[in-house]
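Report on the structure
Take a look at the letters that make up each chain.
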Amino acid sequence: AWKRMNKAGKLPPGPTPIPFLGNLLQVRTDATFQSFMKSKLREKYGPVFTVYMGPRPVVVLCGHEAVKEALVDQADEFSGRGELASIERNFQGHGVALANGERWRILRRFSLTILRDFGMGKRSIEERIQEEAGYLLEEFRKTKGAPIDPTFLLSRTVSNVISSVVFGSRFDYEDKQFLNLLRLINESFTEMSTPWAQLYDMYSGVMQYLPGRHNRVYYLIEKLKDFIASRVKINEASFDSQNPRDFIDCFLIKMHQDKNNPRTEFNLKNLVLTTLNLFFAGTETVSSTLRYGFLLLMKHPEVEARIHEEINQVIGPHRLPSVDDRVKMPYTDAVIHEIQRLVDIVPMGVPHNVVRDTQFRGYLLPKGTDVFPLLGSVLKDPKYFRYPDAFYPQHFLDEQGRFKKNEAFVPFSSGKRICLGEAMARMELFLYFTSILQNFSLRSLVPPGDIDINPKLSGFGNIPPTYELCLVAR
Ligand code: HEM
């Protein structure tokens, strides 16, 4: 198969693949990102090389320069979405995050407009987050400083922000169905990061016909789809085209307007799957970052202490933190950037694809070639970060303690596919970190030096280790 794909092009160098198995010998399925970075591949072939994930050639981009030259300097060529085999059976190229071509352009423009409009409505996204943070603080107070695993408290609060946009309302924290949905999301993200999923990414051609663990993601995501489809039915039964309540209503209005156009992209499939993209991406990324962030702060109590100080000076103990405080809190802002950099929640990025034959660094990537922009290799690019593997908030501060931007800060990726929820995510991270630390100190059950910050799993995502902490009222 690779000879055919390769015919018209000249792909970057890489290890010689074995027929069908590809580069299984070079790419460890339990540590795919590490095999690209820490093995000899990057050393031997340079920052741009080709790896055969089974029969499929993938061009791997390492470091800030290579990723920027592709995603930003040749933004259009590299704007396609590559194959994510572990969820392709659920999405089949539908929904904004997995779509391509006109379908993607239409769904992306629509989604961005709706997110922005709801943000400017009667209640801004900022107010929604402040309200949700309030509910979370109440839950934290109830723990009275006893140890808890924060996973599902954090995902419930974060998920309610995007839920109120897509479903028009928040869920009660006691709602059993809600907790069940969050378990499905958390498990899918984890499952997509197992060696099984990585192996499936390489050999889906055959494995899709075999029973086994690799099929779990499929069933988990199907359940989430069923839930969204049931919400769409409820909306359909009660909606008023003059008064859209949420993302689903806005999409339904488009569907009705376009109902005589058989080729419209405003159809039920794209509605359900785009809503699922937003709900999923809007939940797990932010809550994993918060969860990982608290662990890093417990490992570095001196950093937490400095945030407490800055909160005391700028916000004080009584008023709600607001987005406007961020520019007055360069230290806290730097710490949040450093958390996102080190946590590196999507280390290999989401696969891209070149939409036409593309010249790149003297190679010719034929239309349809998949590309992995290794975001983790940019976030840890030693040319841009002094101590790439350390937790060092000064990476984002100048000598005077002012916030300092860094162009290699790309947790949301860059170019035309850049995360659609970046603005919402950044607002959430700032407001949650500051509200929680305004009210609580974090206490670890083990001495800071003994805290293990290695991910529990590293595949599609970096999954934070499971831990407990105590939240002590300040
Ligand atoms: C895409 C990261 C939060 C919705 C992405 C991508 C990354 C990413 C790396 C892939 C970009 C690419 O293809 O190159 C993050 C991180 C987040 C976060 C680190 C939080 C810390 C959110 C939130 C939402 C969201 C809150 C929803 C409001 C999406 C969507 C896409 C996407 C819909 C697909 C965009 C497309 O294919 O055009 N995100 N994200 N994300 N994100 Fe996020």
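What counts as what
Residues numbered from 1 in each chain as written. Predicted model: local features only at pLDDT ≥ 70, side-chain atom pairs only at ≥ 80, totals over all residues. Heavy atoms only, no water. 1 Å grid on protein atoms, 1.4 Å probe; cavity = no way out; pocket = protein on both sides within 12 Å on 5 of 7 lines; lining within 4 Å. Points joined across faces, edges and corners; volume = space filled by probe spheres on them. Helix = DSSP H or I, 4+ residues; strand = E, 2+ residues; numbered from the N terminus. Nonpolar A, V, L, I, M, F, W, Y, C, P; charged D, E, K, R; others polar. Expected span 1.5 Å × (residues − 1). Bend = angle between axes of the 7 residues up to and from the residue. Buried < 20%, exposed > 50% of the residue type's maximum accessible area, 1.4 Å probe, protein only. Near = heavy atom within 4 Å. Polar contact = N/O pair within 3.5 Å; in protein donor to acceptor, adjacent residues only side chain to side chain. Sits in = over half its atoms within 2 Å of the grid points. Pairing = 2+ DSSP bridges. Contact = heavy atoms within 4.5 Å. Axes fitted to C-alpha atoms, helices over the stretch in contact; angles between N-to-C directions. Donors = N, O, S within 2.8 Å, 3.2 Å for Na, K, Ca; no water. Phe/Tyr/Trp six-rings, centres within 6.5 Å; stacked < 30°, edge-to-face > 60°. Lys NZ or Arg CZ within 6 Å of the ring centre and 35° of its normal. Parallel < 35°, antiparallel > 145°, perpendicular 65-115°, else oblique. Left-handed = near helix turned anticlockwise from the far one by under 90°.

Taken as a whole and judged by the stated rule, the model has five cavities of 30 Å³ or more. Considering only enclosed or pocket space, the largest cavity measures out at about 1,000 Å³ in volume. Breaking the lining of the largest cavity down by element, the ones donating at least two residues are α5 (85-91), α6 (101-119), α13 (268-299), α15 (330-343) and α17 (422-439). With 10 residues, α13 is the largest single contributor of residues to the lining of the largest cavity. Classifying every residue of the lining of the largest cavity by side-chain character gives 31 nonpolar, nine polar and six charged. Approximately 130 Å³ is the volume attributed to the second largest cavity. As for the second largest cavity, its lining consists of 14 residues, and the residues nearest its centre are Leu84, Asp201, Met348, Phe372 and Phe460. Here the lining of the second largest cavity is built from residues that sort into seven nonpolar, five polar and two charged.

Attention now goes to helix α8 (residues 151-166). The end-to-end C-alpha separation of α8 is 22 Å, in line with the 22 Å expected for 16 residues at 1.5 Å each. By the largest-angle criterion, Asn160 marks the main kink of α8, which is about 30°. Burial analysis of α8 places 16 of its 16 residues in the buried class, the great majority of the element. Positioned one or two residues after α8, Gly168 has a phi angle of 80°, which is positive.

A separate point is the site of the ligand. Near the ligand lie 25 residues; those nearest to it are Arg108, His352, Ser413, Arg417 and Cys419. In the environment of the ligand, an oxygen atom lies 2.9 Å from a nitrogen or oxygen atom belonging to the side chain of Trp104. Mapping the ligand onto the cavity grids shows that it belongs to the largest cavity. For the shell around the ligand, the secondary-structure elements that each account for two or more residues are α6, α13 and α17. With five residues, α13 is the single largest residue contributor to the shell around the ligand. Of the residues contributing to the shell around the ligand, the split by class is 15 nonpolar, seven polar and three charged.

Spatially, five strands are ordered β1-β2-β7-β4-β3 in an open sheet, and the strand pairing comes out mixed. Only two strands of the sheet have a single neighbouring strand rather than two, namely β1 (48-53) and β3 (80-81). Relative to strand β7 (residues 370-373), strand β4 (residues 352-353) is paired through two bridges, and the arrangement is antiparallel. In the sheet register, His352 faces β7, and the bridge partner there is Val371. Docked against the sheet, helix α4 (residues 63-73) engages β1, β2 (56-61), β4 and β7, running at close to 115° with respect to β2.

Moving on: the coordination of the iron atom of the ligand. In this structure the iron atom of the ligand is ligated by exactly one protein donor, Cys419 (SG), at 2.2 Å. Among the structural elements, Cys419 can be located in the loop between α16 (375-379) and α17.

Moving on, we get to the environment of Lys456. Mapping Lys456 onto the fold places it in the loop between β8 (440-444) and β9 (457-458). Sequence separation of Lys456 and Leu445 is 11 residues, and the distance between their C-alpha atoms is 18 Å. In contact with Lys456, other than residues within four places in its own chain, are Ile463, Pro464, Pro465 and Thr466. For Lys456, the side chain forms a polar contact with the side chain of Thr466, separated by 3.1 Å.

We describe a pair of aromatic rings using the distance from one ring centre to the other and the angle between the two ring planes. Counted under the stated rule, the structure contains 20 aromatic pairs. Ring plane angle 70° and centroid distance 5.2 Å describe the contact between Phe167 and Phe279, whose orientation is recorded as edge-to-face. Of this pair, Phe167 sits in the loop between α8 and α9 (176-191) while Phe279 sits in helix α13; the two residues are 112 residues apart in sequence, bridging distant segments of the chain. In this structure, Phe167 and Phe279 share a single accessibility class: buried. Ring geometry for Tyr387 against Tyr392: centres 4.8 Å apart, planes inclined by 85°, an arrangement best described as edge-to-face. Through a chain of ring-to-ring contacts, the aromatic side chains of Phe167, Phe171, Phe178, Phe227 and Phe279 assemble into a single cluster. A cation over an aromatic ring shows up here: Arg170 above the ring of Tyr173, its NZ or CZ 5.1 Å from the ring centre. A cation sits over an aromatic face here: Arg326 above Phe430, 5.6 Å from the ring centre.

So, about the packing of α8 against α17. Their axes nearest at 11 Å, the elements α8 and α17 cross at an angle of 140°. The angle between α8 and α17 falls in the class oblique. The two elements α8 and α17 cross, and the hand of that crossing is right-handed. Residues Thr157, Val158, Val161, Ile162 and Val165 of α8 form the contact with α17, whose participating residues are Met424, Glu428 and Tyr432. Here the residues of the contact of α8 with α17 sort into six nonpolar, one polar and one charged.

What follows deals with unusual backbone geometry. Unusually for a residue other than glycine, Lys144 sits at a positive phi of about 50°. Mapped onto the secondary structure, Lys144 falls in the loop between α7 (125-142) and α8.

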